[in-house]
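# Coordinate inspection notes
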Number of protein chains: 2
Amino acid sequence: MDAYRQKRLEARARILKAVGNASRLLILEELAQGEKCVADLTQEVGSDISTVSKHLSLLKAVGLVKDDKRGNQVFYTLLAPCVLNFFDCVESVLEARVQHQIEMIG
Amino acid sequence: MDAYRQKRLEARARILKAVGNASRLLILEELAQGEKCVADLTQEVGSDISTVSKHLSLLKAVGLVKDDKRGNQVFYTLLAPCVLNFFDCVESVLEARVQHQIEMIG
DNA sequence: CTCCTATTTGCAATATTGGCCAAATAGACA
DNA sequence: TGTCTATTTGGCCAATATTGCAAATAGGAG
């Protein structure tokens with residue numbers, strides 16, 4: 001495999017890995033409704049605020065969200081609405097698997 | 001957050017996590033062209049065949065691929081063509097980030 | 001059955017992740 | 001300036017993930 005393909009795969013994997021975590025998935029779902037500050041998201045996620053902050057900085061690093069500092073709060077915005085399509089696809093995979101399991105039983 | 005939402009997020013995250021790995025991403029790209037056996041995929045990935053086999057069993061466990069044993073070979077097939085849309089979305093995120101960096105420089 | 005090939009599984013080493021706590025930073029406001 | 005609030009960063013630990021090697025398994029051919 002050539003080095004270019006390798007780099008491209010790694011770049012893609014980095015983004016997908018960022019989405020592949022329950023807490024970050026929740027954050028993305030929340031941000032899909034509109035911008036929110038770290039404290040609000042922390043309320044939803046239920047982890048320590050420092051943990052949520054790190055999740056957000058990872059999402060920002062891969063380009064999925066952007067931040068906007070206003071006063072002493074930081075508001076995060078979803079930059080890639082297409083991640084919502086991810087969710088649909090993933091949902092269909094889940095349903096297909098359930099269907100498959102039903103067939104195995106029956 | 002209610003327990004149902006938690007479970008749903010974890011199930012989704014499990015699938016997305018499976019995609020968020022360069023080797024598995026390569027495997028999925030290869031399988032998008034049609035079914036392949038473990039040895040063929042190993043050739044592409046460049047890791048040990050046991051490693052590739054483990055990647056495949058993970059992809060199968062989350063329902064993204066299925067396997068079909070024929071003779072002494074095992075052929076894997078992509079079950080969720082919609083993951084290809086992931087790739088488009090991820091690509092657009094990558095491009096947007098590059099664009100953003102250009103703006104920062106300029 | 002024996003041998004050969006393809007794949008999977010078990011194990012151990014190493015790397016990465018996710019979490020909390022504590023400390024540092026940044027901004028608002030007196 | 002000092003204090004309060006919001007967020008980020010650094011350190012650390014436990015849990016999980018990734019990998020390769022070696023051994024086990026499964027199927028085809030002689």
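Read on for a plain summary of the structure. (Residues numbered from 1 in each chain as written. Chains lettered and ligands numbered in written order. Predicted model: local features only at pLDDT ≥ 70, side-chain atom pairs only at ≥ 80, totals over all residues. Heavy atoms only, no water.)

## Observations concerning the overall build of chain A
Looking only at helices and strands, chain A features 5 helices and 3 strands. Helices (α) and strands (β) of chain A occur, in sequence order from the N terminus, as α-α-β-α-α-β-β-α. Overall, chain A is about 60 × 40 × 25 Å in size when its C-alpha atoms are taken along their principal axes. With 106 residues in all, chain A has 44% of them scored as buried. If you take every contact in chain A between residues at least 6 apart in sequence, the share linking residues at least 24 apart comes to 48%. Within the structure as shown, chain A displays about 5,700 Å² of accessible surface, and the carbon and sulfur contribution to it stands at 51%. Considering chain A, the positive charge centre built from 14 side chains and the negative charge centre built from 14 side chains are found 10 Å apart. (Helix = DSSP H or I, 4+ residues; strand = E, 2+ residues; numbered from the N terminus. Buried < 20%, exposed > 50% of the residue type's maximum accessible area, 1.4 Å probe, protein only. Contact = heavy atoms within 4.5 Å. Areas by Shrake-Rupley, 256 points an atom, 1.4 Å probe, with all protein chains shown as cover. Lys, Arg positive; Asp, Glu negative; His and termini not counted. Charge placed at Lys NZ, Arg CZ, Asp CG, Glu CD.)

## A few points about the protein's contact with DNA strand C
Around DNA strand C, the surrounding shell holds 23 residues, and the nearest of these are A:N21, A:D48, A:H55, B:S53 and B:K54. In DNA strand C, the atoms that sit within 4 Å of the protein are 71% sugar and phosphate, with bases accounting for the remainder. In the model, a phosphate oxygen of DNA strand C is placed 2.7 Å from a nitrogen or oxygen of the A:N21 side chain. B:V74 is positioned with one of its backbone polar atoms (N or O) 3.3 Å from a phosphate oxygen of DNA strand C. Broken down by secondary-structure element, the contributors of at least two residues to the surface near DNA strand C are α2 (22-31) and α4 (49-61) of chain A together with α3 (38-45), α4 (49-61) and β3 (73-78) of chain B. Of the residues belonging to the surface near DNA strand C, the class tally is 6 nonpolar, 12 polar and 5 charged. (Near = heavy atom within 4 Å. Polar contact = N/O pair within 3.5 Å; in protein donor to acceptor, adjacent residues only side chain to side chain. Nonpolar A, V, L, I, M, F, W, Y, C, P; charged D, E, K, R; others polar.)

## Here's the deal with the interface of chain B and chain A
Facing the 37 residues of chain B at the interface are 37 residues of chain A. Across the interface of chain B and chain A, roughly 3,300 Å² is buried in total on both sides, 68% from carbon and sulfur atoms. On the surface where chain B and chain A come into contact, there are 12 salt bridges. B:R5 is the partner of A:E29 in a salt bridge, and the nearest nitrogen-oxygen pair spans 2.9 Å. The interface formed by chain B and chain A contains 9 residue pairs in polar contact (both at pLDDT 80 or more). Counting residues per element, the ones that place at least two in the side of chain B that touches chain A are α1 (3-19), α2 (22-31), α3 and α5 (83-105) of chain B. For the side of chain B that touches chain A, the element with the highest residue contribution is α1(B), accounting for 11 residues. Taken together, the residues of the side of chain B that touches chain A break down into 23 nonpolar, 4 polar and 10 charged. (Buried area = accessible area lost by both parts, 1.4 Å probe. Salt bridge = Lys/Arg side-chain N within 4 Å of Asp/Glu carboxyl O.)

## Focus: the sheet that holds strand β3 (residues 73-78) of chain A
One open sheet accounts for 3 strands, arranged β1-β3-β2 (chain A); its pairing is antiparallel. Where the open sheet ends on each side, the last strands, each with one partner, are β1 (36-37) and β2 (65-70) of chain A. (Pairing = 2+ DSSP bridges.)

## Observations regarding the relation of the copies chain B and chain A
Mapping chain B onto chain A is achieved by rotating through 180° and translating by 0.0 Å along the same axis, at an RMSD of 0.1 Å. On the angle and the small slide along the axis, the relation comes out as a two-fold axis. The share of interface residues of chain B whose copies in chain A are also at the interface is 100%, consistent with both copies meeting through the same surface. (Least-squares fit on C-alpha atoms with pLDDT ≥ 70 in both.)

## Focus on the nonpolar core
One finds A:L64, A:F86, B:L64 and B:F86 to be the most contacted residues of the largest nonpolar core, which totals 66 residues. Apart from the residues lying within four places of it in its own chain, the contact partners of A:F86 are A:L16, A:V19, B:L16, B:F86, B:C89 and B:V90. (Core = buried A, V, L, I, M, F, W, Y, C linked by side-chain atoms within 4.5 Å.)

## With respect to the state of the cysteines
Scanning the entire structure with this criterion turns up 2 disulfides over all chains. The side chain of A:C82 participates in a disulfide bridge whose partner is B:C89; the two sulfur atoms lie 2.0 Å from each other. A torsion of 70° about the S-S bond marks the disulfide between A:C82 and B:C89 as right-handed. Remark: B:C89 occurs in helix α5 and A:C82 occurs in the loop between β3 and α5 (83-105); the pair is interchain, linking two chains. (Disulfide = S-S within 2.5 Å.)

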